[in-house]
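Chain and residue survey
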Amino acid sequence: MRHFGHIAPGVRQRLFHQEPCVFDADSPARLLSTALGATLYSPATRPRLADDILKQADRGVVSMVLCLEDSIGDQDVPAGEENLVRQFTDLAGRDRDELPLLFIRVRHPEQIPDLARRLGPAVRLLSGFVLPKFTEERGIPFLEALTAAETASGRRLFAMPVLESPELLYRESRVETLEGIFRAVDKYRERVLALRLGVTDFCSSYGLRRAPDMTAYDVQIVASVIADVVNMLGRADGTGFTVTGPVWEYFRVQERMFKPQLRRSPFLEGQAEELREALIEHAMDGLLREIALDQANGLTGKTCIHPSHVLPVHALSVVSHEEFSDAQDILRPEQGGGGVLRSQYTNKMNEVKPHRAWAERTMLRAEVFGVANEDVGFVELLAAGIAD
């Protein structure tokens, strides 16, 4: 599979200076952690889940979480497990090579080896498990169970812990909790694909809910947690992990208090004023702003609960031609000794040593999401994806 693989080859050639790479569930973990992109959640109880997965794959989704936790009622868990086994078996029998990376969000450690066993041969379609309310104390049993399931199934299985517990939110316990989380995930580093932020749970601890014209970063108590998680778990010195962006809850706005957050000029230049109006109507201007803030704050990808959120995440993940040019210059072998360079776009300073980690991350994102042509921006990428 590849990002934007659902778009016609001729359109991709027009959009991309460097097209996104091809990858699969067996690709290196470092690449897959970036390739997750917009991870679409779906309740495990959906009766036509196999069809849903194939439909979303055809629309550009490359990672999905099938949820047995908060998205379904306690009484529905046994039925959800049975449905997952049935739907995975159905998928395994179909002649489809390109499927999204599939993860199961469980409630208890015991579910992990049990489900891996019950899936039988269809376990080959499973990429791993999402681990809820992760702390060191609660998380270690999940990681031990995943290791056992991996050994028993012979299938590489990844963990994606969700950071959403009150201990992480409360100031008096935050640092100790983060230190414990680091010890747990560092011990199982090869199996931890990404850390996911559960911002909805953070807000619930204080009876808060952000409005559609506000981002997670406007809720200061949430923004402070994100900053501390990235500070302690997302470092670029080799000790950090991929941390994904929080969920965006809205997909249509009935009434707004503040002005739309999308400038008109990029859409006028791309002759896409109707697209701008549609994005505003469906609360996408807030989503686009939050994606940009995610990236500025060190987060990669995003949790999504609606298919319409996937394309904006992927469009804003494409590396611009300017970013690519800067990263290439910084990483040239002859620049190994450091120094300062003027950008080829003649609008900024590229300082080789301080900007090196940024350049390396940018080149990995370029490999996964591609590099836009010089005259292509996110408006053209959005418009092409919607038209397709």
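Preceding block: the structure.
Reading the values: the criteria
- Residues numbered from 1 in each chain as written.
- Predicted model: local features only at pLDDT ≥ 70, side-chain atom pairs only at ≥ 80, totals over all residues.
- Heavy atoms only, no water.
- Axes fitted to C-alpha atoms, helices over the stretch in contact; angles between N-to-C directions.
- Helix = DSSP H or I, 4+ residues; strand = E, 2+ residues; numbered from the N terminus.
- Parallel < 35°, antiparallel > 145°, perpendicular 65-115°, else oblique.
- Left-handed = near helix turned anticlockwise from the far one by under 90°.
- Contact = heavy atoms within 4.5 Å.
- Nonpolar A, V, L, I, M, F, W, Y, C, P; charged D, E, K, R; others polar.
- Salt bridge = Lys/Arg side-chain N within 4 Å of Asp/Glu carboxyl O.
- Buried < 20%, exposed > 50% of the residue type's maximum accessible area, 1.4 Å probe, protein only.
- Core = buried A, V, L, I, M, F, W, Y, C linked by side-chain atoms within 4.5 Å.
- Disulfide = S-S within 2.5 Å.
- Pairing = 2+ DSSP bridges.
- Right-handed = clockwise from strand over helix to strand, strands pointing away.

**Thoughts on the packing of helix H5 (residues 111-119) against helix H6 (residues 136-153)**
Between two packed helices, the angle of one axis relative to the other and the distance separating the axes together describe the packing. Packing of H5 against H6 leaves a shortest axis separation of 8 Å and a crossing angle of 20°. By the angle class used here, H5 and H6 are roughly parallel. Here H5 runs over H6; the crossing is right-handed. Contact residues: H5 offers Ile112, Pro113 and Ala116, while H6 offers Phe142, Ala145, Leu146 and Ala149. Within the contact of H5 with H6, the residues separate by chemical class into seven nonpolar, no polar and no charged.

**Notes on the pattern of salt bridges**
Tallied over the entire structure, the rule returns 33 salt bridges. Lys348 is the partner of Glu322 in a salt bridge, and the nearest nitrogen-oxygen pair spans 2.4 Å. Here Glu322, found in helix H15 (residues 321-331), pairs with Lys348, found in the loop between strand S10 (340-342) and strand S11 (349-351); they are 26 residues apart in sequence, far enough to count as distant. Classification of Glu322 as partly exposed rests on a relative accessible area of 24%. Residue Lys348 is classed as partly exposed on the basis of its relative accessible area, which comes to 30%. Three or more residues joined by partner-sharing salt bridges are found here, namely Glu69, Asp70, Arg105, Lys133, Glu164 and Asp201.

**Quick word on the nonpolar core**
Core analysis: the largest hydrophobic core is formed by 108 residues, its most contacted members being Phe88 and Phe129. Residue contacts for Phe129: discarding those within four places in its chain leaves Phe103, Ile104, Val106, Ile112, Leu115, Leu146, Leu157, Phe158, Ala159 and Met160.

**Some thoughts on the side chain of His314**
You can see His314 is positioned in helix H14 (residues 310-315). Residue His314 is classed as buried on the basis of its relative accessible area of 4%.

**Details of the state of the cysteines**
Enumeration over the complete set of coordinates arrives at zero disulfides. With no disulfide partner, Cys21 has as its closest neighbouring cysteine sulfur the one in Cys304, 20 Å distant. Using a relative accessible area of 16% as the deciding quantity, one classes Cys21 as buried. There is no disulfide at Cys304, and the cysteine sulfur nearest it, in Cys67, is 14 Å away.

**Comments concerning the environment of Ala38**
Within the secondary structure, Ala38 is located in strand S2 (residues 38-43). In this structure Ala38 comes out as buried when scored by relative accessible area, which is 0%. In the structure, Ala38 is positioned 269 residues away from Pro307 in sequence and 9.2 Å away in space, judged by C-alpha atoms. In contact with Ala38, not counting residues within four places along its chain, are Ser63, Lys302, Cys304, Val310, Val313 and His314.

**Describing the pairing of strand S5 (residues 126-131)**
Among the six residues of S5, six are classified as buried, and the element is accordingly described as predominantly covered. Strand direction decides the pairing type here: strand S4 (residues 101-105) and S5, joined by four bridges, are parallel. Residue Phe103 lies in a different strand from S5, and its bridge partner there is Gly128. Note on the crossover from S4 through H5 to S5: the handedness is right-handed. Where S5 meets strand S6 (residues 158-163), four bridges bridge the pair, whose relative direction is parallel. Its bridge partner being in S6, Gly128 is matched across the sheet by Phe158. Once you follow S5 into H6 and on to S6, the crossover reads as right-handed.

**Focus on the side chain of Arg174**
By the secondary structure assignment, Arg174 is in helix H8 (residues 171-187). Overall, the relative accessible area of 7% leaves Arg174 in the buried class. With residues up to four places along the chain from it excluded, the contact list for Arg174 reads Glu167, Leu168, Leu169, Ile221, Ser224, Val225 and Asp228.

**Considering the sheet that holds strand S9 (residues 302-304)**
If you trace the eight strands once around the closed barrel, you get S2-S3-S4-S5-S6-S7-S8-S9, paired in parallel fashion. Neighbouring strand axes in the sheet, compared pairwise and without regard to direction, differ in orientation by 30° on average. Bridge count for S6 against strand S7 (residues 195-197) is two bridges, and the pairing is parallel. Bridge pairing in S7 links Val162 to Arg196. Contacts between helix H10 (residues 220-233) and the sheet are confined to S6, S7 and strand S8 (243-248), with S7 contributing the most and set at about 170° to the helix.

**So, the pairing of S4**
Within S4, five of the five residues are buried, which leaves it mostly tucked inside the rest of the structure. The two faces of S4 match: Leu101, Phe103 and Arg105 on one face and Leu102 and Ile104 on the other face are all buried.

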